[in-house]
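Structural overview
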Amino acid sequence: ILTTKGEFLLNRCDFSSISTCLKNHISESNQMSQPDFLYELFEDFMDDPANQDFSMDNGLVCRWLTGQAKISPKISAYYSKPSNQKKLAETIHQNLLPLMSDCNMAMQDIYTLFIQDDTISDAKKKNLASLYKPASSRLLFLAKLISFGMERQFIKRDTKNQKINCRRCPVTHCAGLYYGQ
């Protein structure tokens, strides 16, 4: 799809779009800074003694969330392990869902983003979608999707074409989903 200025508009399911959607579903009364959001999301990683020397630079966090920089390989490697994906699902349940006004809509928006991304193979979609269908494994679906979003090929966002005041993430209107040609 081309925008009116001729740039490509892709609904790409990557770490930036998933995390932006999650953050945008946090209710107004529970809003937090970008670094605080990532500390809540990556609590297991940050609490792991092996990562005690890791710190999140505010500028880099902003670049991760806006799609200007690939997330730290140390974080993506940590969450590539299935046992840590299960921890991530539990952390999302404990730390983020209670902050959302409608967590089911957040999951639905992220699932739609995932299903409509034509850069993901049908086989990968089938594999991950099987976790979404039973409500009991939706958080594991989300954790595995976040890991997938960190691990897939990084495509830097074109910031001059981004809309930056998106409140929620109804995929077609979401800020941060614009890419340069």
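In this report, the structure presented in the accompanying data block is examined. Note that residues are indexed from 1 along each chain, following the sequence as it is written. Reporting in this predicted model follows two pLDDT cut-offs: at least 70 for local features of residues, and 80 or more for side-chain atom pairs to be given and counted; totals over whole chains, interfaces and linings ignore these cut-offs and use all residues. The side-chain quantities take in all heavy atoms of the structure and omit both hydrogens and water.

Some thoughts on the packing of helix α2 (residues 34–41) against helix α4 (residues 58–66)
Packing of α2 against α4 brings their axes to within 9 Å, and their N-to-C directions diverge by 75°. Put simply, α2 runs roughly perpendicular to α4. Residues Q34, P35, F37 and L38 of α2 touch α4, and the partners they reach there are N58, V61, C62, W64 and L65. Gly is placed with the polar residues, together with every amino acid not listed as nonpolar (Ala, Val, Leu, Ile, Met, Phe, Trp, Tyr, Cys and Pro) or charged (Asp, Glu, Lys and Arg). Counted by class, the contact of α2 with α4 contains seven nonpolar, two polar and no charged residues. Here an axis means a line fitted to C-alpha atoms, over the contact stretch when the element is a helix, while the angle between two N-to-C directions is reported on a 0 to 180 degree scale. Secondary structure elements follow DSSP: runs of H or I no shorter than four residues count as helices, runs of E no shorter than two count as strands, and numbering proceeds from the N terminus. Angular relationships are summarised with four words: roughly parallel below 35 degrees, roughly antiparallel beyond 145, roughly perpendicular across 65 to 115, and oblique for the angles in between. Pairs of residues are marked as contacts when any of their non-hydrogen atoms sit within 4.5 Å.

What about the nonpolar core?
What we call a nonpolar core is a set of buried Ala, Val, Leu, Ile, Met, Phe, Trp, Tyr and Cys residues that are connected through their side-chain atoms within 4.5 Å. To sort residues, take the accessible area from a 1.4 Å probe on protein chains only and compare it with the maximum for the residue type: under 20% means buried, over 50% means exposed, and anything in between is partly exposed. If you look at the biggest cluster of nonpolar residues, it comprises 49 residues, and the most contacted ones within it are F15, L38, L41, F42, W64 and I146. Counting residues per element, this core draws most heavily on helix α9 (residues 138–151), which supplies eight residues. Look past the residues within four positions of L38 in its chain and what remains in contact with it is F15, M56, V61, W64 and L65.

Things to note about the side chain of R12
Mapped onto the elements of the fold, R12 is located in the segment before α1 (15–24). With a relative accessible area of 6%, R12 lands in the buried category. Engagement of the side chain of R12 in a polar contact is seen with the backbone oxygen of Q153, the distance being 2.3 Å. Definition of a polar contact: a pair of N or O atoms within 3.5 Å, with one able to donate and the other able to accept a hydrogen when the atoms are protein atoms, and with sequence-neighbouring residues admitted only if both atoms are side-chain atoms.

Description of the pattern of salt bridges
When a carboxyl oxygen of Asp or Glu is within 4 Å of a side-chain nitrogen of Lys or Arg, the pair counts as a salt bridge. Counted under the stated rule, the structure contains four salt bridges. The salt bridge involving D14 is made with R12; its shortest N-O contact spans 3.9 Å. With a shortest N-O distance of 2.9 Å, R152 and D117 are connected by a salt bridge. Taken together, the residues R152 in the segment after α9 and D117 in the loop between α7 (103–116) and α8 (122–132) connect sequence positions 35 residues apart. In the salt-bridge network here, residues are joined through shared partners; they are R12, D14 and R157.

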